[in-house]
Amino acid sequence: MTDMSAPGNPPFRPSMLIYDRRYRSMTFQVIVFILVMALAWWLVNNTIRNLAALGKDFNFGFLWQRAGYDIPQTPIPYTSDDTHLRAAFVGLLNTLIVSILGCIAATFVGIVAGVARLSNNWLIARLMTVYVEAFRNVPLLLWILIVFAVFTEVMPPPNAFRGDDPAASMILFDHVALTNRYTAIPTLAMTNDPGSLDLGARITFNWATIAFVVVLIAGWIARRMIRDWAQRVQDQTGGRPTTWWASLAVMTVPSLLLIWYFGLHFETPELRGFNFSGGINVQNGLVALWLALTLYTGAFIAEIVRAGILAVNRGQSEAAFALGLRPRRTMSLVILPQALRVIIPPLISQYLNLMKNSSLAIAVGYMDIKGTLGGTTLNQTGRELESIVLMMGVYLVLSLIISAGMNLFNARVKLKER
């Protein structure tokens, strides 16, 4: 550190805050910070004064009032007698469901389409080009409405599956029924149900689910311990012991034992009366939204994947071919691992866009956080400012979580330089 009182340094003067480069940057930062805080204070004060002029205050007490409306798709128990807070939580869960499923499916579609666009097969490459250009250049809302219209207008009604010779048949090994009202899919059932842990407020966790989570976490920890042990042996002896069978055993055997103990099986939906029962009837709004988000975002991810593959030097694939690797193995073992450092940063933005684009769910009647807190709750209570602030906070937190998680993954796969 430099001693400012040392004989070689001039004494401090106020003019140095502007003309001395040691202080100038800090001076400008302090001034900008003060101006930003002043602007924020003015906005908040102006908002409070305007609300007071309208006879309104700023509070979140409305969240504990009776909601009074139904939600078609509820991952947790919910009735119209519940509070707006629980309705908003149901909407949040619906947002998370479609976002997580969309990110997983869009990643798969994007990787396949991106690799196929570089195929030597002219027909496959051109078909993938048509898919990418069609979905990238048409607004997402139109695709959501088109997919929803196909489900509601083209799919048969549930009674078309009735009779010895029904007009419609189930797909995917006779386990999934596509109807114009919902999609009936199998659900997991248990022969030996251990019951649930009640946390109050009608929040329950099945003991079987808790057991599977504990077993998976313990298996992951055991796998890390086995890998660390193998690394220590390799460092000491130069030879790495074979551990794949032990890692596979600790990750699968306990789960298989739990499946056998609880009697876990799929319960296939069956038509009883006018509706399917025995499975889960998924609202067509969710299916249409998920499919449209998947295909739309997958088109953007395909271009990201294609750019990442083209960024890898051609000599890498030529070297792999010289070693005798087939094209498929070269792509999975040589090209894609190196392309990840180019793919992941823009991929984060696509995941964020998909999560935020899920707010278009209200167009097909799927009640997400925008449809509950930012829709019906806002209209019933008149608390538009509070509702918007809460929604902004929810989307901000979700975006930060996605960004932080993907940045950690990016740090693991990026090139390690000396």
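Here the structure is a predicted model, which is why all the values come from computation and not from measurement.

Caption draft 1: View of the pattern of salt bridges. Evaluation of the coordinates by the stated rule reveals seven salt bridges. Between Glu 303 and Arg 117 there is a salt bridge; the shortest N-O distance is 2.4 Å. Note that Glu 303 is positioned in helix α8 (residues 284–311) and Arg 117 in helix α3 (residues 84–117), a separation of 186 residues in sequence. On the basis of relative accessible area, Glu 303 is assigned to the buried category, the value being 16%. Take Arg 117: its relative accessible area is 16%, and that puts it in the buried class. We note a salt bridge from Arg 383 to Glu 386, for which the minimum N-O separation is 3.1 Å. Residue Arg 383 is classed as buried on the basis of its relative accessible area, which comes to 17%.

Caption draft 2: Region of interest: the packing of α3 against α8. Direction vectors running N to C along α3 and α8 enclose 40°, while the axes themselves pass 6 Å from each other. In terms of orientation, α3 lies oblique with respect to α8. Of the two elements, α3 crosses α8, and the hand of that crossing is right-handed.

Caption draft 3: Spatial organisation of the sheet that holds strand β9 (residues 280–283). Spatial ordering of the open sheet is given by β1-β2-β9, a layout of three strands whose pairing is antiparallel. Each edge of the open sheet carries a strand with a single partner, namely β1 (177–178) and β9. The pairing of strand β2 (residues 182–185) with β9 spans four bridges and is antiparallel. By the bridge assignment for β9, Thr 183 is matched with Val 282. α8 contacts β2 and β9 of the sheet and is inclined by roughly 60° relative to β9.

The rules behind each value
Residues numbered from 1 in each chain as written. Predicted model: local features only at pLDDT ≥ 70, side-chain atom pairs only at ≥ 80, totals over all residues. Heavy atoms only, no water. Salt bridge = Lys/Arg side-chain N within 4 Å of Asp/Glu carboxyl O. Helix = DSSP H or I, 4+ residues; strand = E, 2+ residues; numbered from the N terminus. Buried < 20%, exposed > 50% of the residue type's maximum accessible area, 1.4 Å probe, protein only. Axes fitted to C-alpha atoms, helices over the stretch in contact; angles between N-to-C directions. Parallel < 35°, antiparallel > 145°, perpendicular 65-115°, else oblique. Left-handed = near helix turned anticlockwise from the far one by under 90°. Pairing = 2+ DSSP bridges. Contact = heavy atoms within 4.5 Å.

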